[in-house]
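Coordinates in review
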Amino acid sequence: MGNIHKRATLDVFRDCRAVLAALKSAERIVTTPIPYQYLHVLNLLLFFFVYSVPFVFTANFKWITPFPACVVALAFYGVNEIGRCMEDPFSWEEPSHDLSGNGWRIYRENLQIHEKAGKAERESAAADAKMRMLELSSDVVAHYKAAPPPEPDRLFAW
């Protein structure tokens, strides 16, 4: 394939090391579970906040207090549900990212790249072999042109 300069090799090594460190950090974040007690307290605070807001709204909204209270409840419980879905975005439950589809797409692209590289390598090898054959045949022709003709009595020496 060719030689890579030592500086470029070192740069590639450092980049690979940085990517692996980032992957390790992301894996540690994904695999660390959220404690149940934390989730319980969070849901309890959310419940008390959402159901105490209408009492605060009655001073300003009077008889239409249920409408802004519903908006607040939908907004806060919606954000809570979005957070629960984002807790594990790569799970097999909906909604989640389709990792199997992405995996198959990456597999097909890599297979095409591999096939094209193999075809180019075979064509290159065939061209190299053809060039060597041409060089050999020109060497053989040059050898026979430079050689003196055989003597007539030695042609048929039976």
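Just so it is clear, the structure is predicted and the values come from calculations on it, not from any experiment.

1. A word on the overall build of the protein
When its secondary structure is counted, the protein shows 5 helices and 0 strands. Mapped from its N terminus to its C terminus, the protein presents α and β elements in the order α-α-α-α-α. For the protein, the proportion of its 158 residues judged to be buried stands at 7%. For the protein, the accessible surface area stands at approximately 14800 Å², while carbon and sulfur atoms represent 68% of it.

2. So, the pattern of salt bridges
All told, the structure shown has 2 salt bridges when counted by the stated rule. Between Glu81 and Arg84 there is a salt bridge whose closest N-O contact spans 2.7 Å. Of this pair, Glu81 and Arg84 both sit in helix α3 (residues 66-86), 3 residues apart, which is roughly one turn of the helix. What makes Glu81 partly exposed here is its relative accessible area of 37%. In this structure, the salt-bridge partner of Glu109 is Arg105, at a minimum N-O distance of 3.2 Å. Separated by 4 residues within a single helix, Glu109 and Arg105 lie in helix α4 (residues 99-146), roughly one turn from each other. By relative accessible area, Arg105 is classed as partly exposed at 38%.

3. A word on the packing of aromatic side chains
Going through the model one piece at a time under the given rule, you end up with 5 aromatic pairs. Look at Phe57 and Phe61: their rings are 5.4 Å apart centre to centre, the planes differ by 80 degrees, and that puts the pair in the edge-to-face class. Of this pair, Phe57 and Phe61 both sit in helix α2 (residues 36-61), 4 residues apart, which is roughly one turn of the helix. Through a chain of ring-to-ring contacts, the aromatic side chains of Phe47, Phe48 and Tyr51 assemble into a single cluster.

4. Concerning α2
A rise of 1.5 Å per residue sets the reference length of α2, with its 26 residues, at 38 Å; its end C-alpha atoms lie 37 Å apart and thus fit the reference within 8%. Along α2, the sharpest kink reaches roughly 25 degrees, centred on Phe55. For α2, every residue scored as buried is listed here: Leu46, Val50, Val53 and Phe57. Considering only its buried residues, α2 is in contact with α3.

5. Considerations on a nonpolar patch on the surface
Judged by side-chain polarity, Leu44, Phe47, Phe48, Tyr51 and Tyr77 come together as a nonpolar surface patch covering roughly 520 Å² of accessible area. Among the elements that take part in the nonpolar patch, α2 stands out by supplying 4 residues, more than any other. As for its placement among the helices and strands, Tyr51 is situated in helix α2.

6. Focus: the environment of Tyr77
Structurally, Tyr77 is set in helix α3. We classify Tyr77 as partly exposed; its relative accessible area is 33%. As a C-alpha pair, Tyr77 and Phe47 span 30 residues in sequence and 9.0 Å in three-dimensional space. Residues in contact with Tyr77, not counting those within four places in the same chain, are Leu46, Phe47, Val50 and Tyr51.

7. Re the confidence of the model for the protein
This prediction gives the protein a mean pLDDT of 82; 82% of its residues lie at or above 70. When mean pLDDT is compared element by element in the protein, α2 scores highest at 91, while helix α5 (residues 152-155) scores lowest at 57.

Here is what the cut-offs are and how they apply
- Residues numbered from 1 in each chain as written.
- Predicted model: local features only at pLDDT ≥ 70, side-chain atom pairs only at ≥ 80, totals over all residues.
- Heavy atoms only, no water.
- Helix = DSSP H or I, 4+ residues; strand = E, 2+ residues; numbered from the N terminus.
- Buried < 20%, exposed > 50% of the residue type's maximum accessible area, 1.4 Å probe, protein only.
- Areas by Shrake-Rupley, 256 points an atom, 1.4 Å probe, with all protein chains shown as cover.
- Salt bridge = Lys/Arg side-chain N within 4 Å of Asp/Glu carboxyl O.
- Phe/Tyr/Trp six-rings, centres within 6.5 Å; stacked < 30°, edge-to-face > 60°.
- Expected span 1.5 Å × (residues − 1).
- Bend = angle between axes of the 7 residues up to and from the residue.
- Contact = heavy atoms within 4.5 Å.
- Patch = residues over 30% accessible without salt bridge, like charges linked within 9 Å, V, L, I, M, F, W, Y side chains within 5 Å.
- pLDDT = per-residue confidence, 0-100.

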